[in-house]
Amino acid sequence: MTINGQSLQADFSKGICVGIPVDFNGLQPSHFAAKRASTVPMRSGSFIGDTKLGGSCNVPVITINPHCNGTHTESIGHIVDNQFSVHQALPGGLKLATLISVEPASVTAIDKHNRPALVNGDKVITKMMLHQALQHISAVRFTALLIRTLPNDESKLGARYGETTLPPFFTIEAIDYLNQLGVKHLLVDMPSVDRMQDEGLLTVHHRFWNVAEGTHSLQAGSYIDKTITEMIYVPDEVRDGNYLLDLQIPAFSTDVAPSRPWLFPVEFV
């Protein structure tokens, strides 16, 4: 096939899902002290939607906070007053993607150039890290970028991010760099591209979608066709490099939806 003017071949029997399953009865990641995603059987009159309780079939009623209960994809509607659904920003089809691994750095001094200011103990992803990681990948015109943070282990499948488990986040320079590269679909294994406690600024979200900081309104030049996918998990055996991405979501008319990203290895011909 040809994508973005580049001829390639792919083996669709070797797909790798990098979404974290929402296990309603077991491990599931969470963010911002959100309650667990849960299910209860539907009840209506004498009907109960649980075969174990005598029902004729299973009909679970699901309660989930997509932003905090696992792998999810969000649109610009996350930060603006305008109703903008994630399925509007994410047309179907395969996207050329690149996977890189970076090790966030610990901040050792106050840096007031960032918003909010970086303080001792923050772990950040910088422009230099991204640039160096991409230097080791053969140059292709990708529209999706997946970022695996190091160290990387299966604890991410059930991590409860909070005051004692603060995740890394992007600096302003880093997200501006990704905009310059033309990244339309950003996928990360953290629960947010912004700092968890950031005074409500969401600076990185605003800059990625080109929405004026401190506002919640679309403007001329806002990137309504971009998405951010958070809380993915990329196993160590998946090597950095180029892939095809199939970013699957339900057709929710909301700013966010649970998602199931698939990667397929490619070779350029």
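The structure under discussion appears in the preceding block.
Bear in mind the structure is a predicted one, so any value in this text is a computation, not a measurement. (Residues numbered from 1 in each chain as written. Predicted model: local features only at pLDDT ≥ 70, side-chain atom pairs only at ≥ 80, totals over all residues. Heavy atoms only, no water.)

Caption draft 1: Representation of the overall build of the protein in the model. Within the protein, the regular secondary structure consists of four helices and 20 strands. For the protein, whose C-alpha radius of gyration is 19 Å, the value lies close to the compact-globule estimate of 18 Å for 269 residues. Each of the three principal axes of the protein carries a C-alpha extent, and together these read 60 × 50 × 40 Å. Here the protein holds 269 residues, and 47% of them are scored as buried. Put simply, of all contacts in the protein between residues at least 6 apart along the chain, 72% involve residues at least 24 apart. Carbon together with sulfur atoms contributes 53% to the accessible area of the protein, which is approximately 13300 Å² in total. Of the side-chain charges in the protein, 20 are positive and 26 negative, and the distance between the mean point of each set is 2 Å. (Helix = DSSP H or I, 4+ residues; strand = E, 2+ residues; numbered from the N terminus. Rg over C-alpha atoms; globule rule 2.2 N^0.38 Å. Buried < 20%, exposed > 50% of the residue type's maximum accessible area, 1.4 Å probe, protein only. Contact = heavy atoms within 4.5 Å. Areas by Shrake-Rupley, 256 points an atom, 1.4 Å probe, with all protein chains shown as cover. Lys, Arg positive; Asp, Glu negative; His and termini not counted. Charge placed at Lys NZ, Arg CZ, Asp CG, Glu CD.)

Caption draft 2: Expanded view of a negative patch on the surface. Together, Asp-153, Glu-154, Asp-236 and Glu-237 give the surface a local cluster of negative charge. Examined against the element boundaries, Glu-154 turns out to sit in the loop between strand E13 (144-149) and strand E14 (160-161). (Patch = residues over 30% accessible without salt bridge, like charges linked within 9 Å, V, L, I, M, F, W, Y side chains within 5 Å. Salt bridge = Lys/Arg side-chain N within 4 Å of Asp/Glu carboxyl O.)

Caption draft 3: Local environment of the pairing of strand E10 (residues 95-102). Within E10, eight of the eight residues are buried, leaving the element largely enclosed by the surrounding structure. Side chains Lys-95, Ala-97, Leu-99 and Ser-101 project from E10 onto one buried face, and the interleaved Leu-96, Thr-98, Ile-100 and Val-102 project onto a second face that is buried too. Here E10 runs beside strand E18 (residues 241-248); their pairing, made up of five bridges, is antiparallel. Paired with Lys-95 across the two strands is Leu-245, which belongs to E18. The pairing of E10 with E13 spans six bridges and is parallel. Note that in E13 the partner of Thr-98 across the bridge is Leu-145. (Pairing = 2+ DSSP bridges.)

Caption draft 4: Structural context of the sheet that holds strand E15 (residues 169-170). The three strands are arranged E11-E12-E15 in an open sheet whose pairing can be described as mixed. Both edges of this open sheet fall to strand E11 (105-106) and E15, since each of them pairs with a single strand only. With two bridges connecting them, strand E12 (residues 123-125) and E15 associate as parallel partners. Paired with Val-124 across the bridge in E15 is Phe-169. Here helix H2 (residues 127-135) sits on the sheet and contacts E11, E12 and E15; the angle it forms with E12, its principal contact strand, is near 50°. (Axes fitted to C-alpha atoms, helices over the stretch in contact; angles between N-to-C directions.)

Caption draft 5: A look at the packing of H2 against helix H3 (residues 172-181). As a packed pair, H2 and H3 sit with axes 7 Å apart at the nearest point and diverge in direction by 40°. Considering the angle they form, H2 stands oblique to H3. Every residue of H3 that contacts H2 at Lys-127, Leu-130, His-131 and Leu-134 is listed here: Glu-173, Ala-174, Tyr-177, Leu-178 and Leu-181. Looking at side-chain class alone, the contact of H2 with H3 contains six nonpolar, one polar and two charged residues. (Parallel < 35°, antiparallel > 145°, perpendicular 65-115°, else oblique. Nonpolar A, V, L, I, M, F, W, Y, C, P; charged D, E, K, R; others polar.)

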